[in-house]
Amino acid sequence: MIAVTAVVLAVIWQGCGTSAAHDEEAAKKTAAAAAPALETFPLQKGTLSSSIRIPGELTAFQRVDLYAKVSSFVKKLYVDVGSEVRTGQLLVTMEAPELNAQLAGAESRLKSQEAIYLSSKATYDRLLETSKTPGTVSQNDLDIAFAKQKSDLAQLDAAKAAYREISDTRNYLEIRAPFNGVISQRNVSAGAYVGPAGKGSDLPIFTLQEQRKLRLVVSVPEAYTGYLDNNSEVAFTVRAQPEATFKAKVARLSGALDEQLRAQRIEMDVANDDKKLLPGMVAEVAIPLSTGSDHAFVVPATAVLNSTRGVYVIKVVDGKAVWVPVRTGQSAEGQTEIYGDSLALNDVIVKTASEEIREGAPVNHRAVAAAK
């Protein structure tokens, strides 16, 4: 009787345990079915393109302030503000009477020294010819005449150098354009005193700028320096012509960050043959930010869950929710780049993540075609 009773109790207990397990599984399925269906999508890699807008400045490709090298008075101005000039064109002439006197004195000394040299040379030549007859001229006299000739030649060279120096200084009384451009500033009038020192020398006579080619200067923050190289092309606009979009190509990178701005100076060349753009304009530059499709997964921004524990996406595995930690990249137009070691292509991801979806909870989901 005792044995029979034990067997009966064991059978009854096993039946109750099996029934309880079936009831629990049925309850879970019922709860999952009763929950609203969550939209999911297959995880894919893609290209996320966006841009940031930062201010830039248009500057002349070449710019120079023209000063007077010697103290003088402005004699005549041949150009004015807005004049377009060519390389080598005469811009202004100046006068300095003392330079004319110095040049005349140097010329006289040059002619005098030339005559002295010719005389000593002739003397040496005659002595040399006479010395061919034995006993007529001593070797000492011949050496003295030769030394005198060399000394006079050196003095002649010095006189020539002094004459050239004053002549070159006089040439500074004419200022010519060093390159093609436009006169953007004029600070003197005829009769004004100019020179390296004294009144009138604080400001340049002219400011010349090249306008048919400009530089677009941009300080790119450290976080975005990796998106630009020497082959990058950017678009920019200016306030004077908001309806027009201009293109520029990166030409020069400084290769270092500014210690105060923590940004890299980047210069781009801008063709400006029509002169629609002016040096000094402020431009709004669109820096393209794009990544290749083989670097990151792209998901809707709603699929990324920022919780107190970290950043996650919710993956559906065997009908249950699995929180997967991820790192995020850039975001644009409602999409975000994510990186994670536990992610693989075509993983099923919940489109709208929420902390209400608990780890390991059953998920009733409905797949959508793609991450939009």
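Residues numbered from 1 in each chain as written. Predicted model: local features only at pLDDT ≥ 70, side-chain atom pairs only at ≥ 80, totals over all residues. Heavy atoms only, no water.

The protein has the name RND family efflux transporter MFP subunit in an unreviewed UniProt entry, where Chitinophaga japonensis is given as its organism. The UniProt entry for the protein carries this comment under Sequence similarities (unreviewed entry): "Belongs to the membrane fusion protein (MFP) (TC 8.A.1) family." (UniProt positions renumbered as here; feature names shortened; annotations may be inferred.)

Q: Which parts of the structure should I look at to understand the sheet that holds strand β8 (residues 181-186)?
A: Strand pairing within a sheet occurs via backbone hydrogen bonds; the two strands may be parallel or antiparallel. Taken in spatial order, the 4 strands line up as β3-β10-β8-β5 in an open sheet, and their pairing is antiparallel. Because the sheet does not close on itself, it has two edges, and the strands there are β3 (63-66) and β5 (84-85). Pairing analysis gives 4 bridges linking β8 to strand β10 (residues 206-209), with the strands arranged antiparallel. If you follow R186 over to β10, its bridge partner there is F206. (Pairing = 2+ DSSP bridges. Helix = DSSP H or I, 4+ residues; strand = E, 2+ residues; numbered from the N terminus.)

Q: Before we go on, may I ask you to explain the pattern of salt bridges in this structure?
A: Oppositely charged side chains are able to pair whenever their charged atoms sit close together. Within this structure, the stated rule accounts for 16 salt bridges. A salt bridge links E284 to R53; the shortest N-O distance between them is 3.5 Å. Here the residue E284 occupies a position in strand β15 (residues 282-290), and R53 occupies one in strand β2 (residues 49-60), the gap between them amounting to 231 residues. A residue is classified by how much of its surface remains accessible, and E284, at 40% relative accessible area, is partly exposed. The exposed category is assigned to R53, whose relative accessible area is 52%. We note a salt bridge from R186 to D80, for which the minimum N-O separation is 3.4 Å. One end of the pair, R186, is in strand β8; the other, D80, is in the loop between β4 (72-77) and β5, and 106 residues separate them in sequence. Judged by its relative accessible area of 35%, D80 is partly exposed. (Salt bridge = Lys/Arg side-chain N within 4 Å of Asp/Glu carboxyl O. Buried < 20%, exposed > 50% of the residue type's maximum accessible area, 1.4 Å probe, protein only.)

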